[in-house]
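Fold and contact review
Read off the chains here:
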Amino acid sequence: MKKREVRVTTCIICPIGCKAKVTIKNGKISKIEEVECPRGEEYVAREIEAPVRDFFATVRIKGASTPVLPVRSTQPIPKDKIMDCALELANVVVDAPVEEGDVIVKNLLSLGVDIIATRDMDRAKER
Amino acid sequence: MAKRNVDIVVIGGGSAGLAAAIKAKEKGIENIMILERSEELGGILPQCIHTGFGLSYFKENLTGPEYISRFIKKAQDLKIEYKLDTMVLEITPEKEITAVNSVDGLLTLQAKAIVLAMGCRERTRGMLGIAGTRPAGILTAGTAQRLMDIEGYMPGAKVVILGSGDIGLIMARRFAMEGAKVEAVVEILPYSSGLDRNVVQCLEDFNIPLLLQHTVTSIHGSDRIEAVTVAKVDASGKPVQDTERIIKCDTLILSVGLIPENELSRTADIALDSATGGPVVNEYMETSVEGIFACGNVVHVYDLVDHVTQAGELAGENAARYVLNQLPPLTKKITLKAGDNVRSVVPQIIGGKEPVTLYLRVKKPMKDVKVTIGNLTIPKRVVKPPEMVVVNLTRQALEKLEKRDESKVSIEEKAER
């Protein structure tokens, strides 16, 4: 039996924010309606087939003047891996000093992305 | 106490102040001083660890710390002087600045020009008048962000967020990613106050309910907040009887608006605009006091830091021209007044000759509209309250503008063709 489903996805490419109507047949997109431009169609298709997200969080840092270091992924990650990645980073502790761009975790969860520091963090001055 | 002479003093070392100082230095002003209240430069950006910054200015998708570090490093490369942990207490219309810190003690500076870049502050519970007890666990979104992403604390485990502004949405995601349960985001308006992108990526991704046309009517708990009462509101924003329900929580986050911080502007008798909460500025970003310029969230609250940077550069460049006696006074002054569906417009005064970018805040979402400025009309596909409407007026367009003392800026439905 053929399975048919219609999903509404908000396009976030531009401020117009089209509410795309996507018809899915047997797990495949058969029609995208109510999107005004090709960039939007591309976004909506990816959002249905394989949504990805920028990933960013903090990790613990020792020896700096504050206890957490902000980090990001070098590339977007699959949307359904956000929580796995967040949990993985909860166990990471680094030592100051750190420079912006330093790789904190290589190939996180074998997703093919690295986690990098998004700022410099010096060692705190001894008091 | 010795008074030190400085060409340009920039008050605030966030995105606006840094951009202004860098631009002024590039324009040939050597003697610049940034006064920053916090322990580091960067303003709010170091705690905005999410991406989405720089898309228009750098054509890159950066996090807050990455975006601002480019400016901090540039300011340091240009050897722009700055003082941290320094609180400015007063500025005078004669451009004398009194500040205090733990190294210099009380400090007096005499500036030729001043750039105000103090940013804005969050509205707090006291400004909302929510009934109930006064327990711990009620924080503004920005405070929660600082606690989590700079200081490494987890403010709570069961969270309700009041207001759907961008910071509230972003904190909903941060709480969810750090393992908290976000029970709901409660918004009094019939639409989100944040960008679509944040509704999708911060709420829908984490299955966080967005309760539109709802508000928090009461707060419960003695030492720590234990629950809130949430109710539907009618078209006028008043709670509807018998729609109340209780949501248990240990934290209430407020994301209910930002207010430009202008205590210092008042000490210098600078005219403020009641619609923006910031100084009235002309197209040079100059306030009503000659030689005092203003930029960024102290003027009006922006949604994109990229625009703040541009406003900072404009203010910095014109402060430099002022110091170098190269800033021609505006011969004609056209005051722009907010008309239909326009809450505010910046700059409020233009000369009507040189190209200028107007930033408008609209009252309600509309589609297929025309922006009218006096006799000029500019079509726009869509306008929404969370997104500043940007209107570039070219020299050509301005040639056609009727040069009245006052022009109304309105947004109207496009007439049927």
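Residues numbered from 1 in each chain as written. Chains lettered and ligands numbered in written order. Predicted model: local features only at pLDDT ≥ 70, side-chain atom pairs only at ≥ 80, totals over all residues.

1. Describing the nonpolar core
One broad trend across soluble globular proteins is that nonpolar side chains are buried collectively. The cut-off we apply is this: Joining buried Ala, Val, Leu, Ile, Met, Phe, Trp, Tyr and Cys residues through C-beta atoms within 7 Å gives a set, and that set is a nonpolar core. Between the buried cut of 20 or more and the exposed cut of 12 or fewer other C-beta atoms within 10 Å of a residue's own C-beta lies the partly exposed class, and all C-beta atoms are placed from the backbone. Labels follow the DSSP assignment, with helices taken as runs of H or I lasting at least four residues and strands as runs of E lasting at least two, numbered in each case from the N terminus. By the convention adopted here, residues are in contact when the distance between their C-beta atoms, placed from the backbone, does not exceed 7 Å.
Counting 143 residues, the largest nonpolar core has Ile-8 and Cys-295 of chain B as its most contacted members. Sorting elements by how many residues they give to this core places helix α7 (residues 305-323) of chain B first, with nine residues. Excluding anything up to four places from it in sequence, Cys-295 of chain B contacts Ala-16, Ala-20, Val-115, Ala-117, Met-285, Ala-311, Gly-312, Leu-314 and Ala-315 of chain B. In this structure, Cys-18, Val-22, Tyr-43 and Val-44 of chain A belong to the second largest nonpolar core, which totals seven residues.

2. Structural notes on the sheet that holds strand β25 (residues 389-393) of chain B
Where strands meet in a sheet, backbone hydrogen bonds hold them as pairs that are either parallel or antiparallel. Residues and elements named next belong to chain B. Selection criterion: Here, a strand pair is defined by DSSP locating no fewer than two bridges between the strands. The axes are straight lines fitted to the C-alpha atoms, using for helices just the contacting stretch, and the angles between their N-to-C directions are given from 0 to 180°.
Ordered in space as β20-β22-β25, the three strands form an open sheet in which the pairing is antiparallel. Among the strands making up the open sheet, the edge pair consists of β20 (342-346) and β25. Strand-to-strand twist across the sheet, computed as the mean angle between neighbouring axes with direction ignored, equals 25 degrees. One ladder, built from four bridges, connects β20 with strand β22 (residues 356-362); its direction is antiparallel. Within the sheet, the bridge partner assigned to Val-346 lies in β22 and is Tyr-359.

3. Concerning the domain arrangement of chain A
Which entries qualify depends on this criterion: As used throughout, domain bounds are those supplied by an automatic or database domain assignment.
Along its sequence, chain A is organised into domain 1 (4-49) and domain 2 (56-117). Domain 1 of chain A and domain 2 of chain A are separated by 32 Å when their C-alpha centres are compared.

4. Here's the deal with the interface of chain B and chain A
To keep it simple, the criterion reads: Three classes are used, and their members are as follows: Ala, Val, Leu, Ile, Met, Phe, Trp, Tyr, Cys and Pro are nonpolar, Asp, Glu, Lys and Arg are charged, and the others, Gly among them, are polar.
Contact residues are listed per partner, giving 23 residues for chain B and 21 residues for chain A. Of all the secondary structure elements, the ones that give two or more residues to the side of chain B that touches chain A are α2 (64-77), α5 (196-203) and β24 (376-383) of chain B. Among the elements that take part in the side of chain B that touches chain A, α5 of chain B stands out by supplying four residues, more than any other. Counted by class, the side of chain B that touches chain A contains seven nonpolar, seven polar and nine charged residues.

5. Concerning the packing of helix α4 (residues 166-177) of chain B against α5 of chain B
All names here are of chain B. Quick reminder of the rule: For classification, angles of less than 35 degrees are called roughly parallel, those exceeding 145 degrees roughly antiparallel, those between 65 and 115 degrees roughly perpendicular, and all remaining angles oblique. Each crossing gets its hand from how the near helix is turned against the far one by less than a right angle, where anticlockwise is left-handed and clockwise is right-handed.
At their nearest, the axes of α4 and α5 sit 8 Å apart, and the two run at 20 degrees to each other. It follows that α4 is roughly parallel to α5 by the angle criterion. The two elements α4 and α5 cross, and the hand of that crossing is left-handed. Residue-level inspection shows Asp-166, Leu-169, Ile-170, Ala-172 and Arg-173 of α4 in contact with α5, the latter providing Asn-198, Val-199, Cys-202 and Leu-203. Looking at side-chain class alone, the contact of α4 with α5 contains six nonpolar, one polar and two charged residues.

6. Points about the sheet that holds strand β11 (residues 181-187) of chain B
Residues and elements named next belong to chain B. Pairing is parallel in the open sheet, where five strands are placed in the order β9-β16-β10-β11-β12. The outermost strands of the open sheet, each flanked by one partner alone, are β9 (138-140) and β12 (210-212). Strand-to-strand, the axes of this sheet are offset by a mean angle of 20 degrees, without reference to chain direction. Where β11 meets β12, three bridges bridge the pair, whose relative direction is parallel. Residue Val-186 lies in a different strand from β12, and its bridge partner there is Leu-211. Its contacts with the sheet place helix α3 (residues 141-149) against β9 and β16 (251-254), and it is angled at close to 90 degrees to β9.

7. With respect to the packing of α3 of chain B against α4 of chain B
Residues and elements named next belong to chain B. The geometry of α3 relative to α4 is characterised by a closest axis approach of 9 Å and an angle of 35 degrees between their N-to-C directions. Both α3 and α4 take part in a crossing whose hand is left-handed. Note on element contacts: α4 touches α3 through Ile-167, Gly-168, Met-171 and Arg-174, opposite Ala-141, Gly-142, Ala-144, Gln-145 and Met-148. Among the residues making up the contact of α3 with α4, the classes are represented as five nonpolar, three polar and one charged.

8. Describing unusual backbone geometry
The peptide bond linking Ala-96 of chain A to Pro-97 of chain A adopts the cis configuration, its omega dihedral lying at 0 degrees. Of note, Pro-97 of chain A is situated in the loop between β8 (93-95) and β9 (103-105). Backbone torsion omega between Val-346 of chain B and Pro-347 of chain B reads 0 degrees, so that peptide bond is classified as cis. Here Pro-347 of chain B lies in the loop between β20 and β21 (349-350). The phi angle at Glu-34 of chain A is positive, at roughly 65 degrees, despite the residue not being glycine. Here Glu-34 of chain A lies in the loop between β3 (28-33) and α1 (38-49). Residue Glu-34 of chain A is classed as partly exposed on the basis of its 13 C-beta neighbours within 10 Å.

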